[in-house]
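# Observations on chain architecture
Letter by letter, the chains look like this.
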Amino acid sequence: MQIHDLPYPDPGLPDARSGPRFLLWLGRNQLGGQLKSLCWGLLHFLSVASLPYGVGFAVQAVVDGSGSRLALAGGLILLLGAALALGDTMLHRTAVTNWITAAARVQQLLARRTAALGAALTRRVAAGEVVAVSTGDVEKIGWFVEALSRFAAAALTVVVVCVGLVLYQPALGIVVAVGMPVLALAVLPLLPRATRRADQQREKAGRATELASDTVAGLRVLRGIGGEELFLDRYRRASQEVRTAAVRSARMWSLISAVQVLLPGLLLIAVVWYGIELARQGRITVGELVTVYSAVMILNYPLRHFEEIAMAYSFSRPSAQRAARVLSLERVTEPGGLRAAEAPAGDLYDPVTGLLAPAGRLTAVVCGDPDLAGRLADRLGGHPTDADPGTRSASASDSASASASASASDSASASDSASASASASDSASASDSASASASASDSASASASDSASGNGSGSGSDSDSDSGSGRNPDKAATPVTALPSVLLGGVPLDELPLDTARTAVLVQDKDPVLLSGTLAELLDVPSSGSVRPEEALAAAQCADVLDALSQASLDADPMNARITERGRSLSGGQRQRLALARSLVTDPEALVLDEPTSAVDSHTEARIAEGLRALRSGRTTVVLTSSPLLLDRADRVVLVHEGTVAAVGEHRELVLTEPRYRAVVTRETDEEAASAALSRNAGTSLRDEPGIGDAGIEELTEIEETA
């Protein structure tokens, strides 16, 4: 594989059981490049190691006064110089190619795993660790792959030179052959301590990176509450800990470097001293002494690669461990799915909560717990987070049949009649839906969910993969209870191919990310083609955003204006509206929006509600929100309390009849609720008083409101 052939058509299936196994797998897949680099490395190092022989031959020719042998020695040195230059050039070229292709392979594997896991990745692995793995760790892994072939060539060169010196001059060659292994192995006792210190440094650096990432992501909020100095102090302390750990690590590596300089120097002194004695005795010639001396000097060069490979492995092993931990995370269901790649249509139903979103209607969902709302949005998109991987002992058709009755009963509550009978029907259907969902959950308690996980549950999985058990086939899987899948038109999403499921249901979470690029590139997403970008921008009320982008751009066309990374140059409300426009352009069968207007003012929010309702007419839309402006424009409103559907109806109806709904939407406190109850009781008492009827109560209410 050459650099111009990247990316790989298929990066392969990695062995992610542990960091060393992953490095071994990567080395095997780079075998062709490693062999090329090894051959060029041998040419380079052997040419370097052969120069002393040419020099010694030339010196002896001068001592003997032989011009022909001197000319021959000169030609030999010239030939070795050319071979050295060629070998060095091609070694560098092939080694760097190995580095880049290995890094590209790892990046492709990480990108493929990230795409497969989706939003579940950052719930299993910290965001800062994901950043570290995809940037610095990839470089360190590539460094080890690149240094491996050079080390192999250097080791073979040392062996060849030692054998050659023993054959060329046994008396001195034996000294060199005995001393070289000692030099190569002398630093081994120091490596474990150096590795531990390097690991501590990287661990502290990873925590500092996570802290910096979190600080930058929440900078606007920190400035709003005046907490930026607190976080800056925390980062300063973390940075100082990294500096201290780096100094401790550098001290150990400097000691290893000192040993690598000291011991070859001592060997050189011993060789020179013993060689002079042999020359004085006439047992060796001056040329042979110069040859052996030069060979020992030259061998310092390949020996330095022993230190390099030790450092490269020390730095790459934890990096490979982190990469293997990410790559070992798996989906329970196969991305290919169990059904045909045909997007279903119909009602969107969650058998766990009993939530039903009728097809073609705008459904608003109110949750008192924002975290529950986020998890519910993920579930509706086919990314459940509460279930652990388990065995599929109940078919999805069980949950589908269980949800059918809930769907039928809950559909009765879809009528928008404001009459009392409709209200009663809605309340009844809500309870039916809740009971049906409980039945579905019981009947499919062991069905597989499409959650992202490794071969374990929770954080224990991370520790397992850290110790090398990420994908241990010998480790027996423990059956655990899994939550049933969300159904779209009666079809479980976890049985659909991954691409089909994501095309059918699109989820926009609370904090959507805007990628850097032009506005046209931002809105250039896979879509049905039914919604034009201009229509989506208008529905999301992005006129002021377009004006701001035009003013900041040299191009008059706002579609060509560039958006900075994560849209940091825009306000929170502007970013939110652009993300909403991007979701509307996609025009999926079912669109799930989690607090899409939380950073928008009330006037703009009201216009967005109207635009969303008009543009998504006839399409299934679910909005998780507590905003009265959005709730009032929804076809139906569902209250989810403590994980199950508690009430179904219209906004104005639920505000009057459902205290839990009113507490969430109006932010009513317990004291205010008690006061309202007293007022209602007092109104009832006044209404019963002689001479004060409903008309009198209404008049008193108007006076109170005017006051």
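One can find the structure itself at the top, above this paragraph.
The present account deals with the structure reproduced in this document. (Residues numbered from 1 in each chain as written. Predicted model: local features only at pLDDT ≥ 70, side-chain atom pairs only at ≥ 80, totals over all residues. Heavy atoms only, no water.)

This next bit is on helix H19 (residues 572-586). With 15 residues, H19 ought to run about 21 Å at 1.5 Å a step, and its terminal C-alpha atoms sit 22 Å apart, in line with that. Counting buried residues in H19 gives 13 out of 15 residues, a clear majority hidden from the surface. Asp587 sits one or two positions beyond H19 and adopts a positive phi of about 55°. (Helix = DSSP H or I, 4+ residues; strand = E, 2+ residues; numbered from the N terminus. Expected span 1.5 Å × (residues − 1). Buried < 20%, exposed > 50% of the residue type's maximum accessible area, 1.4 Å probe, protein only.)

Reading across the sheet, the 6 strands line up as E8-E11-E12-E4-E13-E14 and stay open at both edges, with mixed pairing between neighbours. Of all the strands in the sheet, just strand E8 (505-508) and strand E14 (644-649) have a single pairing partner and so form its edges. The average undirected angle you get between the axes of adjacent strands in this sheet is 20°. Both strand E11 (residues 590-594) and strand E12 (residues 620-624) contribute to a ladder of 5 bridges, which runs parallel. (Pairing = 2+ DSSP bridges. Axes fitted to C-alpha atoms, helices over the stretch in contact; angles between N-to-C directions.)

Let's shift gears to a positive patch on the surface. A grouping of Arg193, Arg196, Arg248 and Arg251 is seen on the molecular surface, where their side chains present a positively charged patch. Every element with two or more residues in the positive patch is listed here: helix H7 (191-217) and helix H9 (228-280). Inspection of the secondary structure assignment puts Arg196 in helix H7. Judged by its relative accessible area of 49%, Arg196 falls in the partly exposed class. (Patch = residues over 30% accessible without salt bridge, like charges linked within 9 Å, V, L, I, M, F, W, Y side chains within 5 Å. Areas by Shrake-Rupley, 256 points an atom, 1.4 Å probe, with all protein chains shown as cover. Salt bridge = Lys/Arg side-chain N within 4 Å of Asp/Glu carboxyl O. Lys, Arg positive; Asp, Glu negative; His and termini not counted. Charge placed at Lys NZ, Arg CZ, Asp CG, Glu CD.)

Within this structure, the stated rule accounts for 22 salt bridges. Notably, a salt bridge pairs Glu307 with Arg304, separated by 3.5 Å at the nearest N-O pair. Pair noted here: Glu307 and Arg304 are both in helix H10 (residues 286-327), with a separation of 3 residues, about one helical turn. Glu535 serves as the salt-bridge partner of Arg532, at 3.4 Å between the closest nitrogen and oxygen. Looking at Glu535, the relative accessible area reads 30%, which means it is partly exposed. One salt-bridge network, held together by shared partners, links Asp587, Glu589, Arg616 and Arg619.

Turning our attention to the sheet that holds strand E3 (residues 355-357). Spatially, 4 strands are ordered E3-E2-E6-E7 in an open sheet, and the strand pairing comes out antiparallel. Looking at which strands have only one partner, the edges of the open sheet turn out to be E3 and strand E7 (491-492). With 2 bridges joining them, strand E6 (residues 487-488) and E7 adopt antiparallel strand pairing. By the bridge assignment for E7, Leu488 is matched with Val491.

The subject of this paragraph is the packing of aromatic side chains. Counting across every chain of the model gives 8 aromatic pairs. Here Tyr53 and Phe57 contribute two aromatic rings whose centre-to-centre distance is 6.3 Å and whose plane-to-plane angle is 15°, an arrangement assigned as stacked. Taken as a pair, Tyr53 and Phe57 lie in helix H2 (residues 31-64) at a separation of 4 residues, close to a single helical turn. When the ring of Trp143 is compared with that of Phe315, the centres are 6.1 Å apart and the planes differ by 50°; the resulting orientation is tilted. (Phe/Tyr/Trp six-rings, centres within 6.5 Å; stacked < 30°, edge-to-face > 60°.)

Let's shift gears to the environment of Arg667. Counting through the fold element by element, Arg667 comes out in the loop between helix H23 (659-665) and helix H24 (670-688). For Arg667, a relative accessible area of 54% gives the class exposed.

Here the focus is the nonpolar core. If you look at the biggest cluster of nonpolar residues, it comprises 42 residues, and the most contacted ones within it are Leu519, Leu537, Leu578, Val637 and Tyr661. Top element by residues in this core is H19. It accounts for 6 residues. Excluding its chain neighbours within four sequence positions, the residues that come into contact with Tyr661 are Val366, Leu631, Val637, Leu639, His651, Leu654 and Val655. Ala16, Ala102, Val106 and Leu117 belong to the second largest nonpolar core, which has 28 residues in total. (Core = buried A, V, L, I, M, F, W, Y, C linked by side-chain atoms within 4.5 Å. Contact = heavy atoms within 4.5 Å.)

It is worth spelling out the packing of helix H6 (residues 170-185) against H9 at this point. It is at 10 Å that the axes of H6 and H9 come closest, and there the two elements cross at 170°. With respect to H9, the element H6 is oriented roughly antiparallel. On H9, the residues touching Ala171, Leu172, Val175, Val176, Gly179, Met180 and Leu183 of H6 are Gln260, Leu263, Pro264, Leu267, Val271, Tyr274, Gly275 and Leu278. Grouping the constituent residues of the contact of H6 with H9 by class yields 12 nonpolar, 3 polar and no charged. (Parallel < 35°, antiparallel > 145°, perpendicular 65-115°, else oblique. Nonpolar A, V, L, I, M, F, W, Y, C, P; charged D, E, K, R; others polar.)

Contact pair H9 / H10: the axes reach a minimum separation of 10 Å and the direction vectors enclose 165°. Of the possible angle classes, the one that applies to H9 and H10 is roughly antiparallel. For the pair H9 and H10, the crossing hand works out as right-handed. (Left-handed = near helix turned anticlockwise from the far one by under 90°.)

Side chains that are three or four residues apart share a direction in an α-helix, a result of its 3.6 residues per turn. Residues of helix H18 (residues 543-552) that are buried include every one of Val545, Leu546 and Leu549, and no others. In an axial view of H18, the angular spread of the buried residues amounts to 100°, which keeps them on one side of the axis. Facing away from the buried side of H18, by more than 90 degrees, are the exposed residues Ala543 and Gln551. Elements that come into contact with the buried residues of H18 comprise helix H16 (519-522), helix H17 (533-539), strand E10 (562-563) and H19. (Arc of directions from axis to C-beta.)

What follows covers unusual backbone geometry. Geometrically, the link from Leu6 to Pro7 is a cis peptide bond, its omega value of 5° lying close to zero. Despite not being glycine, Gln541 has its phi angle at roughly 55°, a positive value. Within the secondary structure, Gln541 sits in the loop between H17 and H18. Not every positive phi belongs to a glycine, and Glu642 is a case in point at roughly 55°. Along the polypeptide, Glu642 turns up in the loop between strand E13 (636-641) and E14. Overall, Glu642 belongs to the exposed group, its relative accessible area being 72%.

Bringing the pairing of E12 into the picture now. Within E12, 5 of the 5 residues are buried, leaving the element largely enclosed by the surrounding structure. Alternating positions in E12 separate into two faces, Thr620, Val622 and Leu624 on one and Thr621 and Val623 on the other, with burial throughout. Sheet topology note: the strand E4 (residues 362-367)/E12 ladder contains 4 bridges and is parallel. Counted as the bridge partner of Val365 is Leu624 from E12. In this view, the connection linking E11 to its parallel neighbour E12 by way of helix H20 (residues 602-615) has right-handed handedness. (Right-handed = clockwise from strand over helix to strand, strands pointing away.)

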